[in-house]
Amino acid sequence: MSVKFSKDHEWVSVAGDIATIGITNHAQEQLGDVVFVELPAIGKKVSKGGDAAVVESVKAASEVYAPLTGEVVEVNKDLEGDPALVNRGAEGDGWFMKVKFSDAAELGELMDRAAYDKFVAA
Amino acid sequence: MTVETLHRTALYAQHESLGAKLVPFAGYEMPVQYPTGILAEHNWTRTYAGLFDVSHMGQGFVVGPDHATTAAAMQAIVPADIAALKPHQIRYSQFLNEQGGILDDLMITRFANDGWLYIVCNASRKTHDFTHIEKHLPAGVKLQRSKHMSLLALQGPKAECVLAKLDPAAASIPFMHYAALKLDGIVAHVSRSGYTGEDGFEISVTDHDAPRLWSLLLADADVKPIGLGARDSLRLEAGLCLYGHDIDETTSPVEADLLWSIQKRRRSEGGFVGAARVLAEIKNGPSRKRVGIKPEGRAPAREGTVVTDTAGRVIGTITSGGFGPTANGPVAMGYVESAFATVGTAVHLIVREKPMPAMVTSLPFIPHNYKR
């Protein structure tokens, strides 16, 4: 199971037809201290590149875009009480949502780790 | 991309070596945060002592033959009672336009030299302010813009103890007063004032001495460098206005809830630029007022957020809003129609197109910890 990355700085980890989605460590570093996360409702239909969640740092609010089209099946409730989890474990415990994706071809449009690291460094 | 030449303060190298994130601010390249981040810097300042480089701010002297003459000249352009200032005393005031709108807010100190007033104004407004002052000064009273002067702010409950190690006289400066101190040989004009709601000092020294004083203060285990990010969250929790956001040329000091800064004699006598509106609003009440607003949930409401009544009618706007680390939740301030300005009034904030319940609250969010 490999992790893929979007140009909007989300990561995607796929198991079967379920994708776990979060923001990258690079993104959390740029945001700074996260103080609030607004997660989508279970059952919400999201489309690739569309709004999926909101993450607010001390500085500003930022949109989190859906890297894949599908339906939200689970959200990380731990973020409600402890939004700083995004800073401590952006690419682990700080995941945002699980999406049952409907178009596997969209996975091919995402970057692998090496390509993402290069994208960020550019 | 246009290449803008950004000014640097005398402490630029210090910020760089501390690993600060430097951003353009009011024409200067300023530290917005150091590696520990805004939350940690905010909390450090509320617990120990934070050191801020605020050298971008405007400093100057208004100089006349004696206090009465200089004070009269200054009172023509600010609503505060300057004539009544005692030697070494500081007052907060505003420059107003003819329509009573705020051109800038500033600190005015009656300096030790008779006939000298020391002023500190906002970086973004200093060029405008200095022109405005010069335009209004009568013959015999002159403005001296301070050049090559830095300004450091040391803020927090440990500030007194830290500064007193360098000059014990620091401890006996009363709140909103200044004294000339010698900090390890460095001549410094030290004001007991600040922009965080905490006890603390604002220290004016030459650019030449600034790096040594900065290092001297940072050498104290109770002191850490604090950037503009935490400066903003600290002042927001303290209910203090940020020019260009909470106050501007459209807002009057009465609307901005700054009437406390207009002393009694001036409220009855007027005699300052913009007095007509100010006196009328004192008499009849302003149509809108700056208030504190506490969102009920965890989501911050940012500047520009629309405020409605509980039925959805627009009644105002948020002018500053974010997360208050000490308040441990979202905090905001803004203007609402006066009928909704009573503490405890329920309002809605339109965040991402959804109404979010909030309450009009008294300011500050965190009690001021001034040394009275």
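Calculation criteria
- Residues numbered from 1 in each chain as written.
- Chains lettered and ligands numbered in written order.
- Predicted model: local features only at pLDDT ≥ 70, side-chain atom pairs only at ≥ 80, totals over all residues.
- Helix = DSSP H or I, 4+ residues; strand = E, 2+ residues; numbered from the N terminus.
- Buried ≥ 20, exposed ≤ 12 C-beta atoms within 10 Å, placed from the backbone.
- Contact = placed C-beta atoms within 7 Å.
- Nonpolar A, V, L, I, M, F, W, Y, C, P; charged D, E, K, R; others polar.
- Core = buried A, V, L, I, M, F, W, Y, C linked by C-beta atoms within 7 Å.
- Pairing = 2+ DSSP bridges.
- Axes fitted to C-alpha atoms, helices over the stretch in contact; angles between N-to-C directions.
- pLDDT = per-residue confidence, 0-100.
- Arc of directions from axis to C-beta.

Each helix and strand in chain B was counted, giving nine helices and 19 strands. Overall size of chain B, expressed as C-alpha extent along the three principal axes, is 65 × 50 × 50 Å. For chain B, buried positions account for 49% of its 372 residues.

All names here are of chain A. Tracing the sequence through the fold places Leu107 in the loop between β9 (97–101) and α4 (113–121). Given 15 C-beta atoms within a 10 Å radius, Leu107 is considered partly exposed. Discounting residues that sit within four places of it in the chain, Leu107 has contacts with Lys4 and Val14.

With that out of the way, let us pick up the interface of chain B and chain A. Listed per partner, the contact involves 12 residues of chain B and 10 residues of chain A. Secondary-structure elements contributing two or more residues to the side of chain B that touches chain A are α2 (38–47), α7 (228–237) and β16 (314–324) of chain B. The residue makeup of the side of chain B that touches chain A, split by class, is five nonpolar, four polar and three charged.

With that settled, consider the nonpolar core. Counting 126 residues, the largest nonpolar core has Met97 and Val99 of chain A together with Met74, Ile108, Ile119, Leu152 and Leu154 of chain B as the members making the most contacts within it. With residues near it in sequence (within four places) discarded, Met97 of chain A still touches Ile21, Leu39, Pro40, Ala52, Ala53, Val72, Glu74, Val75 and Asn76 of chain A.

All names here are of chain A. One open sheet holds the three strands; their spatial order is β4-β6-β7, and the pairing between them is antiparallel. The outermost strands of the open sheet, each flanked by one partner alone, are β4 (34–38) and β7 (61–65). For this sheet, the mean angle separating the axes of adjacent strands, direction not counted, is 25°. Where β4 lies against strand β6 (residues 51–57), four bridges are found, and the strand directions are antiparallel. In the sheet register, Phe36 faces β6, and the bridge partner there is Glu56.

Looking now at the sheet that holds strand β12 (residues 200–206) of chain B. Residues and elements named next belong to chain B. One open sheet accounts for six strands, arranged β10-β11-β12-β9-β3-β13; its pairing is mixed. Lying at the two open borders of the sheet, with one neighbouring strand each, are β10 (178–183) and β13 (223–225). Across the sheet, the axes of successive neighbouring strands diverge by a mean angle of 30°, strand direction being ignored. Pairing geometry for strand β3 (residues 49–53) and β13, over three bridges, is parallel. Directly across from Gly50, in β13, lies its bridge partner Lys224. Sheet strands in contact with helix α5 (residues 159–166) are β3, β9 (149–155), β10, β12 and β13, and its direction is about 130° off that of β9.

Confidence in the prediction for chain B averages 97 pLDDT; 99% of positions are at 70 or higher. Across the predicted assembly, pTM comes out at 0.94 and ipTM at 0.86.

Residues and elements named next belong to chain B. The complete set of buried residues in helix α4 (residues 126–136) reads Lys126, Asp129, His132 and Ile133. The arc enclosing the buried residues of α4, seen along the axis, measures out at 120°, which places them on a common side. In α4, those exposed residues whose orientation departs by more than 90 degrees from the buried face are Thr127, Thr131, Glu134 and Lys135. Contacts made by the buried residues of α4 are with β4 (58–63), β5 (90–96), β6 (102–110), β7 (116–121) and β8 (142–145).

Attention shifts here to the pairing of strand β18 (residues 346–351) of chain B. On any regular strand, side chains alternate: one points to one face of the sheet, the next to the other face. All names here are of chain B. Looking at chain direction, strand β15 (residues 306–308) and β18 are connected through three bridges and run antiparallel. In the strand pairing of β18, Val306 is matched with Ile350. Pairing between β18 and strand β19 (residues 354–361): six bridges, direction antiparallel. Paired with His348 across the bridge in β19 is Pro357. Where β18 folds back onto β19 in an antiparallel hairpin, the turn is made up of two residues, including Arg352, whose phi is positive at roughly 50°.

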